[in-house]
Amino acid sequence: MLTLYHAPRSRSSLILWLLEELGEPYTIQIVPIVYGDGHGAPAPESYRAIHPHKKVPAIVHDGTAVFECAGIAAYIADTFPQAGLAPPIGDPRRGLYATLLAYWPGVLNPVASAHMHGWDKDAPTGFGDYAEVLDFLTRTTQNASPWLLGEQFTAVDVLWSAALDFYTGMSLLPKSAAFTDYMARANARPAKQRAMAKDNG
């Protein structure tokens, strides 16, 4: 049994997309959260048994709880290798896959957030330099053919395309051809369309 703890139109939406790519049966448990604009309500205290900070996403698979997007993505891809959402251990592409998976929470998201709040205005952050990160994102997506690891669509593509979609929409990243072309390919995937229909339904 695979359950997604989810709040509509939140960061857990990308895990909903990942589960649609997975193609395995799953259930959705809606969790109340307080959104960034202040609306909503906090999750009940009982939810801390699943996520210690009462946030989404989280999954429970056969009694095992996993939270944080990158952790969930890694767990799902390796637990269900038949879905092809990660190169197998021993594959030469595994190093790039692991790097890009860790880059999403370790660099991409914190640097974009720091830039949004102006934390990097007077001094560099420990996450990385915005201009260098932008250059790396641009080069990496320009080289996607059609996906970040080549012909194989992986869990990294879910994380990266969702982040680029959000940050370009917030004008924290430019709407360059490298980003828009890559996002257009990702957003056209049937699994993404199914996830959006469920999320908006």
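The structure under discussion appears in the preceding block.
Asks: Mind showing me how you'd approach the overall build of the protein here?
Replies: Within the protein one finds seven helices and four strands. Listed N to C, the secondary structure of the protein is β-α-β-β-β-α-α-α-α-α-α in terms of helices and strands. Over its C-alpha trace the protein gives a radius of gyration of 17 Å, about what one expects of a compact globule, namely 17 Å for 201 residues. Each of the three principal axes of the protein carries a C-alpha extent, and together these read 40 × 40 × 30 Å. Counting across all 201 residues of the protein, residues that qualify as buried make up 47%.

Asks: How should the nonpolar core be read in this particular structure?
Replies: In this structure, Ile15, Leu137 and Trp160 are the most contacted members of the largest nonpolar core, which totals 56 residues. Considering every element that reaches this core, the biggest residue donor is helix H3 (residues 94-117), with nine residues. Not counting the four nearest positions on each side in its chain, Leu137 is found in contact with Tyr103, Leu108, Trp160, Leu164, Leu173 and Phe179. In terms of nonpolar packing, the next biggest core, distinct from the first, is built from ten residues, Val31, Ile33, Tyr47 and Ala58 among them.

Asks: Looking at this structure, how should I read helix H5 (residues 155-169)?
Replies: The terminal C-alpha atoms of H5, which comprises 15 residues, lie 22 Å apart, in line with the 21 Å expected from a rise of 1.5 Å per residue. Every buried residue of H5 is listed here: Ala155, Val156, Asp157, Val158, Leu159, Trp160, Ser161, Ala163, Leu164, Tyr167 and Thr168. Where H5 is buried, its residues meet helix H1 (13-22), helix H2 (69-79), H3, helix H4 (130-142) and helix H6 (177-187). Phi turns positive one or two residues past the end of H5, at Ser171, with a value near 65 degrees.

Asks: Looking at this structure, I do not really get the pattern of salt bridges. What am I missing?
Replies: Once the charged atoms of two side chains with opposite charge are near each other, the side chains can pair. Per the stated rule, a full pass over the model turns up eight salt bridges. Note that Glu45 and Arg48 form a salt bridge whose closest N and O atoms lie 2.8 Å from each other. A residue is classified by how much of its surface remains accessible, and Glu45, at 51% relative accessible area, is exposed. Its relative accessible area of 39% is what places Arg48 among the partly exposed residues. The partner of Asp91 in a salt bridge is Arg93, with the nearest N and O atoms 3.0 Å apart. With a relative accessible area of 28%, Arg93 lands in the partly exposed category. Linked by salt bridges that have partners in common, Glu20, Arg194 and Lys198 make up one network.

Asks: Please explain the packing of aromatic side chains as it appears in this structure.
Replies: Evaluated as defined, the whole model comprises eight aromatic pairs. Aromatic pair Phe136 and Trp160: ring centres 6.2 Å apart, planes at 70 degrees, arrangement edge-to-face. With a gap of 24 residues between them, Phe136 in helix H4 and Trp160 in helix H5 connect regions that are remote in the sequence. Measuring from ring centre to ring centre gives 5.3 Å for Phe166 and Tyr167, while their planes differ by 70 degrees; the resulting arrangement is edge-to-face. A relative accessible area of 47% places Phe166 in the partly exposed class. Taking NZ or CZ as reference, Arg189 lies 3.6 Å from the ring centre of Phe153, over its face. In this arrangement the basic side chain of Lys192 is found over the ring face of Trp17, its NZ or CZ atom lying 4.6 Å from the centre.

Calculation criteria
Residues numbered from 1 in each chain as written. Predicted model: local features only at pLDDT ≥ 70, side-chain atom pairs only at ≥ 80, totals over all residues. Heavy atoms only, no water. Helix = DSSP H or I, 4+ residues; strand = E, 2+ residues; numbered from the N terminus. Rg over C-alpha atoms; globule rule 2.2 N^0.38 Å. Buried < 20%, exposed > 50% of the residue type's maximum accessible area, 1.4 Å probe, protein only. Core = buried A, V, L, I, M, F, W, Y, C linked by side-chain atoms within 4.5 Å. Contact = heavy atoms within 4.5 Å. Expected span 1.5 Å × (residues − 1). Salt bridge = Lys/Arg side-chain N within 4 Å of Asp/Glu carboxyl O. Phe/Tyr/Trp six-rings, centres within 6.5 Å; stacked < 30°, edge-to-face > 60°. Lys NZ or Arg CZ within 6 Å of the ring centre and 35° of its normal.

Read these as geometric descriptors, not functional statements.
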